[in-house]
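Summary of the model geometry
Here is how the chains run, residue by residue.
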Amino acid sequence: MSAVIVEAVRTPVGRRGKSLSGVHPADLSATVLTALTERAGVDPEIVEDVIWGCVQQVSEQAIDIARTAVLTAGWPESIPGVTVDRQCGSSQQALNFAVASVIAGHYDVVVAGGVESMSRVPMGSSTTVGDSPFSQAYRDRYDNVIPNQGVGAEMIANKWGFTRADVDRYAARSHERAAAAQDAGWLADQITAVTTPDGVVAADEGIRRGTTVETLAGLKPAFSADGVVTAGNASQISDGSAAILVMSEEAAARYGLDPIARIHTAVVTGADPVIMLTGPIPATEKALARSGLDVADIGVFEVNEAFATVPLAWQAEIGADDAVLNPNGGAIAFGHPLGGSGARIMTDMIYHMRRNGIRYGLQTMCEGGGQANATIIELLAR
């Protein structure tokens, strides 16, 4: 049995404290749940579960926000929801769990996705009360080094020899490609507008047009006085949500739906938790080996731009052509609403593949704790 994607949709990505900051994360989630079934033309009652990514599961995102989102959307009370935390890859992992469950025969129809309102539930909120999440045994194992993603990004720069100009050049490229995609109307197709207390929001807010290496050069390093990582070449803190409708092939046929893509291969792996951000490299290698495909077979790679050093190191090791790596920009330009980013990126990749007739696409994300997911999808609708 195969699992297929029949629809995908996302909200705009809002900057911290800006247009989406007045919207409860359950309402952001409900917006994409509603749009997803409306676009697919199906009744929500056929959905058997909602698997939702969210990282800061406290405050407004606590008490299983997947279930809260289902009820906020007005869906039947019979539909359950479960919330997943694999850090930045939470909604990509939600998709992979959904796919595995369909293939196993546990579900015929399931929704995967995620949300993060970093304006309303700030990053780090879940660790502000009580003791450290790192046990003494953990700290002993790693010589009392407490992992820090920004420091990890600097470690990558040192290991691969990336200069400030290298990472700033990559960041400028992200904004340039995102602006071009927005101007071409490619982003509007995948976005559902969000109604806020201040009006309707229908476009991504983070894209900074005209960004250059020269303008980025004026920013101070964020984690080391002589480092290369700045706010300009790292992902933005953001708000957003995205959702993907997954079915068995039989269910899609039963409901008269044409699948967009099938999930070809899905893997997850661990790596060094101190440098933390290199997991996409072995995850990609694992996915390619398991799939029987090679780099040349993949028409688009999406590697989350947590920091510019991450896709740069990945590219140095994997050898993918620059033209097929994050072709519409990434989190440096759009922003990175943690629990929603995996589904946001997958949605963009699906639309890009369908628009360009690309057979295979691979998505991978670095994640807290030195982990990474990698998912290969195969286009069916051409």
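Here goes a summary of the coordinates provided. (Residues numbered from 1 in each chain as written. Predicted model: local features only at pLDDT ≥ 70, side-chain atom pairs only at ≥ 80, totals over all residues. Heavy atoms only, no water.)

**Quick word on the overall build of the protein**
When its secondary structure is counted, the protein shows twelve helices and twelve strands. For 382 residues, the compact-globule formula gives about 21 Å, and the C-alpha radius of gyration of the protein, at 19 Å, lands near that figure. Overall size of the protein, expressed as C-alpha extent along the three principal axes, is 60 × 50 × 45 Å. Across the 382 residues of the protein, 57% fall into the buried class. Counting only contacts in the protein whose residues sit at least 6 apart along the sequence, the fraction spanning at least 24 positions is 82%. Carbon and sulfur atoms make up 49% of the accessible area of the protein, which amounts to about 14400 Å² in all. (Helix = DSSP H or I, 4+ residues; strand = E, 2+ residues; numbered from the N terminus. Rg over C-alpha atoms; globule rule 2.2 N^0.38 Å. Buried < 20%, exposed > 50% of the residue type's maximum accessible area, 1.4 Å probe, protein only. Contact = heavy atoms within 4.5 Å. Areas by Shrake-Rupley, 256 points an atom, 1.4 Å probe, with all protein chains shown as cover.)

**Considering the packing of aromatic side chains**
Within this structure, the stated rule accounts for four aromatic pairs. Seen in terms of ring centroids, phenylalanine 134 and tyrosine 138 are 4.9 Å apart; in terms of plane orientation they differ by 40°. Their pairing is tilted. For the ring pair tyrosine 138 and tyrosine 142, a centre distance of 5.2 Å and an interplane angle of 50° mean the geometry is tilted. Among the aromatic residues, those joined into a ring-pair cluster are Phe134, Tyr138 and Tyr142. (Phe/Tyr/Trp six-rings, centres within 6.5 Å; stacked < 30°, edge-to-face > 60°.)

**Comments concerning the pattern of salt bridges**
Summed over the entire model, instances satisfying the criterion amount to ten salt bridges. A salt bridge links arginine 10 to aspartate 204; its shortest N-O distance comes to 2.8 Å. Within this pair, whereas arginine 10 is found in strand β1 (residues 3-10), its partner aspartate 204 is found in the loop between β7 (199-201) and α7 (213-216), the two being separated by 194 residues in sequence. For the pair formed by arginine 10 and aspartate 204, the shared burial category is buried. Between aspartate 166 and arginine 169 there is a salt bridge, with its nearest N and O atoms 3.3 Å apart. Of the two residues, aspartate 166 and arginine 169 are both situated in helix α6 (residues 164-183); the distance of three residues between them amounts to about one turn of the helix. For aspartate 166, a relative accessible area of 26% translates into the label partly exposed. Put simply, Arg173, Arg177 and Asp322 are held in one network by salt bridges that share partners. (Salt bridge = Lys/Arg side-chain N within 4 Å of Asp/Glu carboxyl O.)

**Points about helix α5 (residues 149-160)**
The end-to-end C-alpha distance of α5 is 16 Å, a good match for the 16 Å that twelve residues give at a rise of 1.5 Å each. Three or more residues of α5 are buried, namely Gly150, Gly152, Ala153, Glu154, Ile156 and Ala157. The inward-facing, buried residues of α5 abut α10 (309-318). The backbone nitrogen of glycine 150 has a side-chain oxygen 2.9 Å away, supplied by the residue at the start of α5, namely asparagine 148. (Expected span 1.5 Å × (residues − 1). Polar contact = N/O pair within 3.5 Å; in protein donor to acceptor, adjacent residues only side chain to side chain.)

**Things to note about unusual backbone geometry**
Phi is positive for serine 59, close to 55°, though the residue is something other than glycine. One can find serine 59 in the loop between β3 (50-53) and α2 (65-72). Backbone geometry at asparagine 144 places phi at a positive 60°, although glycine is not the residue there. The residue asparagine 144 is located in the loop between α4 (136-141) and α5 in this model.

**A few points about the packing of helix α3 (residues 90-103) against helix α12 (residues 338-356)**
How two helices pack is summed up by the angle between their axes together with the distance between the axes. Between α3 and α12, the shortest axis-to-axis distance is 5 Å and the interhelical angle comes to 65°. Contacts between α3 and α12 involve Ser90, Ser91, Gln92 and Leu95 from the first element and Gly339, Gly340, Ser341, Gly342, Ala343 and Met346 from the second. Taken together, the residues that form the contact of α3 with α12 break down as three nonpolar, seven polar and no charged. (Axes fitted to C-alpha atoms, helices over the stretch in contact; angles between N-to-C directions. Nonpolar A, V, L, I, M, F, W, Y, C, P; charged D, E, K, R; others polar.)

**Observations concerning empty space enclosed by the protein**
If you walk through the whole model with that rule in mind, you get one cavity of 30 Å³ or more. If you trace the largest cavity, you find it lined by Glu302, Val303, Asn304, Glu305, Asn326, Gly330, Ala331, Arg344 and Ile345. Looking at the lining of the largest cavity, the elements with two or more residues in it are β10 (300-303) and α12. Each residue belonging to the lining of the largest cavity can be placed in one class, and the counts come to three nonpolar, three polar and three charged. (1 Å grid on protein atoms, 1.4 Å probe; cavity = no way out; pocket = protein on both sides within 12 Å on 5 of 7 lines; lining within 4 Å. Points joined across faces, edges and corners; volume = space filled by probe spheres on them.)

**Topic: the nonpolar core**
Core analysis: the largest hydrophobic core is formed by 41 residues, its most contacted members being Leu277, Ile298, Phe307, Trp314 and Ile376. Going through the elements one at a time, α5, α6, α9 (280-291), β10, α10, β11 (360-367) and β12 (371-379) are the ones with two or more residues in this core. With residues up to four places along the chain from it excluded, the contact list for leucine 277 reads Gln149, Gly152, Ala153, Ile156, Phe307, Val310 and Cys366. (Core = buried A, V, L, I, M, F, W, Y, C linked by side-chain atoms within 4.5 Å.)

**Quick word on helix α1 (residues 25-40)**
Since the α-helix advances by 3.6 residues per turn, residues separated by three or four positions end up pointing in the same direction. With 16 residues, α1 extends 23 Å from end C-alpha to end C-alpha; this agrees with the ideal 22 Å at 1.5 Å per step. For α1, the complete set of buried residues consists of Pro25, Ala26, Leu28, Ser29, Ala30, Val32, Leu33, Ala35, Leu36, Thr37 and Ala40. Elements that come into contact with the buried residues of α1 comprise β1, β3, α2, β5 (109-117), β6 (194-196) and β8 (238-248). With its phi angle positive at about 75°, glycine 41 sits one or two positions after the end of α1.

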